[in-house]
Amino acid sequence: MENGMGKERVKTRLQKAAGRFIAFRNLPRVRKITEFFYSPFFLYGLAICVLSLHTLGIDELTFAFLALVGGAALLFCPDALPALAVLVFVTAAKSVGNRNYESFGKLSYVVLALCGVVAAACAIIHIFVNRSYNNLRRGRLYLGYLLLGAGLLPNGFFADGYTFKNIMSGLTLVCTFVGMYFVAKGGVRDARENVRYFSYMCFVYGMVVSIQLCLAYFMNKPFIESGFDKMKLHTGWGMSNSIGGAIFRGIPMTFYLMCTEKKHNWYYFVSATLMVVAMVFTSSRAALLMTAPLYCVCYLLCLIYGKNRKQAFLCGGVAIIGVLVFLLFFRSQIVALIQHMLNNGMGDNGRFKLWNWAKDCVKHNPLFGAGLRFMYKQTVQRSYCYFHNTPVQFLATGGLVGCATYLFHRKQTAELYTQKPTLERAFLGILAGGILLISLLDVQYMHLAAQSLLCPAFVLSEHDLNRTLPFAYRFRKKYERLF
């Protein structure tokens, strides 16, 4: 009896503490801090700081700064979307000088650990005060994500050389895919303005990566001395294909801003176009192949549904005239650039060999595949063999079980965009679909950088669909079909 009363007292005190903190956060002066975190100016400032520190190569300061800013965002904001923006920039923070963290000393690790502890404490306070767990009560993608995680764990069962490390590698991917989704699901509120904030996040992220690429052409000595060889292009956190995929992730939602703005649409059109131009200089085949048609689709949506269609039309006309003039006066340079790209890795780069290899993996281990570590059984540095195609990846490393769970998950995500479509979900779907299409020729889907935008896009799409097609309606229709 006394234990029960003690628990109630603790619960009451915690609730009072949470109420006091919320009251403090609602004070006029404190509310201005919250409003700043939800403004585009916070994203612009964050981008400038990350870009400056990345250029200087001070990674210790960069990660410490991002950890503290992310913690502050969790404390002052009612949801975790600004903190997720910080996480997105974490994936593009590592510089060339600290590509393998070789310059980090013991003191640096201690400072980073302390900053990480502060950020973790802020996350716990955020969850308790804002009751983020209430957002996890229902979800349209739960079954698919849980099956996806369950399909990753038995990777390589019964395969030759199977070790306990296979389970650990599977758990790492479960944290990347499933964990990131549930973090976004619990942290992102159902609010229409969140789609706009997310759009600014993608826009600023794409521009930062484009500027990092530009700086690499002027400051990366190994890349310059190699004659701008694609294989030598590296920003520290990623190589050419990763850079191309990251730039793409900024384009669709930039067009969403162009479509929904009443003034200055040209600003977002120019930004999206510059991202495409930057992508050309990555020589990323998959990103270039998928971006061209999706860029046109986004622009068409702006012409049809945009709030300032006249300005959108003028932007397209000026762009076409500009391209024609550029082709007329710089024809020889363009031919030289295309020839350079063809001579520096525009072939299949061993993908067909990898996919044929995947057939052998399924042939010898049809049920659970060859496992994530079948190429790296004895090494710790690298955990996975990448097949540069997501369905093939799951089939080869997880067998029929892994591939079936992935395809079921893909079916559930596709349903978000086929039922009662809206403009918001159209652009979110282009972003998600583009990442998945690029991953048919690359490994974008397997990395946290892509998941940190893909999972929030799914969550925002769920929220939009719930407003358009409530759960009650959905289940009633299923019930009616039984009769």
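Residues numbered from 1 in each chain as written. Predicted model: local features only at pLDDT ≥ 70, side-chain atom pairs only at ≥ 80, totals over all residues. Heavy atoms only, no water.

(A) Quick look at the packing of helix α3 (residues 40–56) against helix α4 (residues 59–76). Contact pair α3 / α4: the axes reach a minimum separation of 9 Å and the direction vectors enclose 160 degrees. By the angle class used here, α3 and α4 are roughly antiparallel. For the crossing formed where α3 meets α4, the hand is left-handed. Where α3 abuts α4, its residues F42, L46, C49, V50, L53 and H54 lie against L61, T62, F65, L66 and V69. Per-class residue counts for the contact of α3 with α4 are 9 nonpolar, 2 polar and no charged. (Axes fitted to C-alpha atoms, helices over the stretch in contact; angles between N-to-C directions. Helix = DSSP H or I, 4+ residues; strand = E, 2+ residues; numbered from the N terminus. Parallel < 35°, antiparallel > 145°, perpendicular 65-115°, else oblique. Left-handed = near helix turned anticlockwise from the far one by under 90°. Contact = heavy atoms within 4.5 Å. Nonpolar A, V, L, I, M, F, W, Y, C, P; charged D, E, K, R; others polar.)

(B) Main features of the state of the cysteines. On inspection of all chains with the given rule, the structure shows 0 disulfides. Distance from the sulfur of C302, which forms no disulfide, to the nearest cysteine sulfur (C259) is 4.5 Å. When its relative accessible area of 1% is taken as the criterion, C302 is described as buried. (Disulfide = S-S within 2.5 Å. Buried < 20%, exposed > 50% of the residue type's maximum accessible area, 1.4 Å probe, protein only.)

(C) Representation of the nonpolar core within the structure. Judged by nonpolar contacts, the single largest core of 115 residues is most densely connected at F177, F198, M201, M253, F255, F427 and Y445. In terms of residue count, helix α9 (residues 193–219) provides more of this core than any other element does, 13 residues in total. If we ignore the near neighbours within four places in the chain, the residues touching M201 are L43, L81, A85, V88 and L453. Among the nonpolar cores identified, the runner-up in size contains 9 residues, and L354, F374, V392 and A396 belong to it. (Core = buried A, V, L, I, M, F, W, Y, C linked by side-chain atoms within 4.5 Å.)

(D) Structural context of helix α19 (residues 423–438). For α19, spanning 16 residues, the distance from its first C-alpha to its last is 23 Å, which sits close to the expected 22 Å at 1.5 Å a residue. For α19, the set of buried residues is R425, F427, L428, G429, I430, L431, A432, G434, I435, L436 and I438. (Expected span 1.5 Å × (residues − 1).)

(E) A look at helix α14 (residues 285–305). For α14, spanning 21 residues, the distance from its first C-alpha to its last is 31 Å, which sits close to the expected 30 Å at 1.5 Å a residue. At T291, α14 shows its largest bend, some 30 degrees, and a proline, P293, comes one to four positions later. (Bend = angle between axes of the 7 residues up to and from the residue.)

(F) Main features of the packing of aromatic side chains. Throughout the structure, instances matching the rule amount to 32 aromatic pairs. Note on F177 and F394: the rings are 6.3 Å apart at their centroids and 35 degrees apart in plane angle, and the pair reads as tilted. Of this pair, F177 sits in helix α8 (residues 165–187) while F394 sits in helix α18 (residues 390–418); the two residues are 217 residues apart in sequence, bridging distant segments of the chain. According to the relative accessible area criterion, F177 is buried, its value standing at 0%. Take F394: its relative accessible area is 4%, and that puts it in the buried class. A ring pair is formed by Y267 and Y268, whose centres lie 5.1 Å apart and whose planes are at 70 degrees; its orientation type is edge-to-face. When its relative accessible area of 6% is taken as the criterion, Y268 is described as buried. In this structure an aromatic cluster arises from ring pairing among Y200, F203, W266, Y267 and Y268. (Phe/Tyr/Trp six-rings, centres within 6.5 Å; stacked < 30°, edge-to-face > 60°.)

(G) How the structure looks around the pattern of salt bridges. Across all of its chains, the model carries 7 salt bridges by this definition. Measuring nitrogen to oxygen at the nearest pair gives 2.5 Å for the salt bridge that ties R196 to E261. Of the two residues, R196 sits in helix α9 while E261 sits in the loop between α12 (251–260) and α13 (265–280), which places them 65 residues apart along the sequence. Classification of E261 as buried rests on a relative accessible area of 18%. Between D464 and R425 there is a salt bridge, and its shortest N-O distance comes to 2.7 Å. With D464 in helix α20 (residues 448–468) and R425 in helix α19, the pair connects residues that are 39 residues apart, well separated along the chain. Summarising the burial analysis for this pair, D464 and R425 share the class buried. Each of D190, R425, D464 and R467 takes part in a single network of salt bridges with overlapping partners. (Salt bridge = Lys/Arg side-chain N within 4 Å of Asp/Glu carboxyl O.)

(H) The packing of α9 against α12, seen in detail. One way to put it is that α9 packs onto α12 with a least axis distance of 8 Å and a crossing angle of 130 degrees. When the axis of α9 is compared with that of α12, the two are oblique. As α9 runs across α12, the sense of the crossing is left-handed. Across from V195, R196, F198, S199, Y200, C202 and F203 in α9, the residues of α12 making contact are M253, T254, Y256, L257 and T260. Residues belonging to the contact of α9 with α12 are distributed by class as follows: 8 nonpolar, 3 polar and 1 charged.

(I) Spatial organisation of unusual backbone geometry. Notably, H264 is not glycine yet its phi reads approximately 60 degrees, a positive angle. As for its placement among the helices and strands, H264 is situated in the loop between α12 and α13. We note that S283 has phi near 55 degrees; this positive angle belongs to a residue other than glycine. Within the secondary structure, S283 sits in the loop between α13 and α14.

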